[in-house]
Amino acid sequence: MDIKTRFLILSDTHAEDWAPRVASLPPIDVAIHCGDLTEESKMAEFRTSLQLLNSIEAPLKLVIAGNHDFTLDTPKFQQKLAETNASIEPELIKKEFGNIGEAQSLFHDARANGIIFLDEGTHHFTLRNGASLTVYASPYTPSLGDWGFQFNPKDSHNFAIDKGVDVAITHGPPRGVLDMTSSRQRAGCEALFSAMAASRPRLHCFGHIHEGWGARLVTWRNGTLGEKPSHFSNIDNERSCTIETLSSLYPRKFDTAETIAEKNMKRQQYISDGFCRTSHCKGDDSPVQPGLQTLFVNAAIQGLDEDAMQLPWIVDIELPKSDVLGER
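Keep in mind that this is a model prediction, so the values were computed, not measured.

Rules used throughout
- Residues numbered from 1 in each chain as written.
- Predicted model: local features only at pLDDT ≥ 70, side-chain atom pairs only at ≥ 80, totals over all residues.
- Heavy atoms only, no water.
- Helix = DSSP H or I, 4+ residues; strand = E, 2+ residues; numbered from the N terminus.
- Rg over C-alpha atoms; globule rule 2.2 N^0.38 Å.
- Buried < 20%, exposed > 50% of the residue type's maximum accessible area, 1.4 Å probe, protein only.
- Contact = heavy atoms within 4.5 Å.
- Areas by Shrake-Rupley, 256 points an atom, 1.4 Å probe, with all protein chains shown as cover.
- Lys, Arg positive; Asp, Glu negative; His and termini not counted.
- Charge placed at Lys NZ, Arg CZ, Asp CG, Glu CD.
- Expected span 1.5 Å × (residues − 1).
- Arc of directions from axis to C-beta.
- Axes fitted to C-alpha atoms, helices over the stretch in contact; angles between N-to-C directions.
- Parallel < 35°, antiparallel > 145°, perpendicular 65-115°, else oblique.
- Left-handed = near helix turned anticlockwise from the far one by under 90°.
- Nonpolar A, V, L, I, M, F, W, Y, C, P; charged D, E, K, R; others polar.
- Pairing = 2+ DSSP bridges.
- Disulfide = S-S within 2.5 Å.
- Core = buried A, V, L, I, M, F, W, Y, C linked by side-chain atoms within 4.5 Å.

Some details on the overall build of the chain
- Of regular secondary structure, the chain possesses six helices and 15 strands.
- Radius of gyration (C-alpha) of the chain: 20 Å, near the 20 Å computed for a compact globule of 328 residues.
- For the C-alpha atoms alone, the extent of the chain along its principal axes is close to 60 × 55 × 45 Å.
- Within the chain, the fraction of its 328 residues that count as buried is 52%.
- For the chain, contacts bridging at least 24 residues in sequence account for 73% of all contacts bridging at least 6.
- When the accessible surface of the chain is totalled, it reaches about 15400 Å², and 49% of it is carbon and sulfur.
- Each charge class in the chain was averaged separately, 32 positive and 44 negative side chains, and the resulting centres sit 5 Å apart.

Observations regarding helix α6 (residues 257-273)
- Relative to the 24 Å expected for 17 residues at 1.5 Å per residue, α6 spans 25 Å between its end C-alpha atoms, a close match to the ideal helical length.
- When we look at burial in α6, the residues that qualify are Lys 263, Arg 267 and Tyr 270. Angularly, the buried residues of α6 cover 60° about the axis, an arc narrow enough to put them on a single face. Residues of α6 that are exposed and point over 90 degrees away from its buried face: Ala 257, Glu 258, Met 265 and Ser 272.
- Within two residues after α6, Gly 274 carries a phi angle of roughly 90°, on the positive side.

A closer look at the packing of helix α1 (residues 43-55) against helix α4 (residues 102-110)
- The geometry of α1 relative to α4 is characterised by a closest axis approach of 10 Å and an angle of 20° between their N-to-C directions. In terms of axis orientation, α1 runs roughly parallel to α4. Note on packing geometry: the crossing formed by α1 with α4 is right-handed. Every residue of α4 that contacts α1 at Met 43, Phe 46, Arg 47 and Leu 50 is listed here: Glu 102, Ala 103, Leu 106, Phe 107 and Ala 110.
- Its residues placed into classes, the contact of α1 with α4 shows seven nonpolar, no polar and two charged.

Side note on the sheet that holds strand β9 (residues 167-170)
- Here we have seven strands laid out as an open sheet, ordered β5-β6-β9-β10-β14-β11-β12, and mixed in their pairing. In this open sheet, the two edge strands, each paired with only one partner strand, are β5 (121-126) and β12 (241-245). Going from strand to strand, the sheet's axes swing by 15° on average, the running direction of each strand aside.
- Pairing of strand β11 (residues 214-219) with β12 involves four bridges; the strand directions are antiparallel. In the sheet register, Arg 216 faces β12, and the bridge partner there is Thr 242.

Details of the state of the cysteines
- Under the criterion given, the structure shown has zero disulfides.
- The structure places no disulfide on Cys 205, whose sulfur is separated from the nearest cysteine sulfur, that of Cys 34, by 3.9 Å.
- Looking at Cys 281, it has no disulfide partner, and the nearest cysteine sulfur is the one in Cys 241, 14 Å off.
- By relative accessible area, Cys 281 is classed as buried at 3%.

Focus on the nonpolar core
- If you look at the biggest cluster of nonpolar residues, it comprises 38 residues, and the most contacted ones within it are Phe 7, Ile 9, Leu 62, Leu 133, Val 167, Ile 169 and Val 297.
- For this core, the leading source of residues is strand β15 (residues 313-319), giving four residues.
- Residues contacting Leu 62, with those up to four places away along its chain left out, are Val 30, Ala 31, Ile 32, His 33, Ile 116, Leu 118, Phe 125, Leu 133, Val 135 and Ile 169.

In C-alpha cells form, the structure reads like this:
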C-alpha cells in the first residue's frame, strides 16, 4: 500500500530572507531545496540559507547545489582561486568564501538538524511516515558560463536516473517543461529530458529558470523513446495538464477584466497561504500514475520582477511503503 507523503519544494532562494514564507506551513514530511542557496557562494550566504532550512519543520530536508553555489564544486572553486587577481589579499578571499571544503562542512554539521546535502547520484531514505523514498539528485546544468556544476551543452551530461526512482531533484529543468525564459526561449536540458522520459519518476523538482516557475502533470506516450526524445514526441499533451504558471497568476496583455480579477483573487489567496499547493494521491482528481505520469515542479522562489510573488510548493504524492521504520 502506498503512503501519502507531503513535500515542501523550493529553489533559488539566493540567500535572501525567505524564512517568513515558511513560518506557518502545514506539517511536512520532506523539504527539498533545488539549489542556488547563495548569490555569490559566500560563507555568510550559506549560513543564511541554513537558517532558512532550520526554520522549516520537517524531519527530513534534502538539499542540492546550484550554479551559484560554486564553492561546493571543488574543481571550479580551485580554478577560481588560481585565477584570482594577485592584488587581492588571500585572507580577504578566505574570509568571504572560506577554505576549500569549508562550505561542505557546514552541511555536514547540519545533518543533526535533518538537513542532508546530496551529491549527484541515487539516494535511499525510509521516512518517518513509513514510506520508502528513492531520490536521484544532480546539480549540473548546461551553460557556457563560469559558474559551478556546469557543462558545455555540446558535451551533454549523463543523468543516470534508474527506473524505480521516486523523485528527481535537479537544479535545472528538462528541455520543454517549465523552462521558458522571458525571451520566449527554451532553456532546459535535452539530456535531462531524455533521462526523465526513460525513467519516469513520480516527481521531478527543479528551479534555475526563474520565470519557468509552476507545476505541470505530464502523461507520457507509450512506445519507444526514439533517437532524440523531446517534449513534442514523448509527452501526450492532450492527457497532460498545467497546474499553475506565472501566466495563470499575473495579468497578460490580452486578458479580459474578468480574467484579471480571477487571477488577482487566486494570487492573493496563495500569498495569504504562503505557498501553492497541489495534491495527486488516490481520491484526488488527478493522482500520479507511476510509470505513466510525472509531476514536474519548478520552485524558483526569486522572481525577475521585484513585485512578483513566487511561492514555494507543497505537493502531496504517494510513495511505496517501506519494510523498515525510521529515517536514515
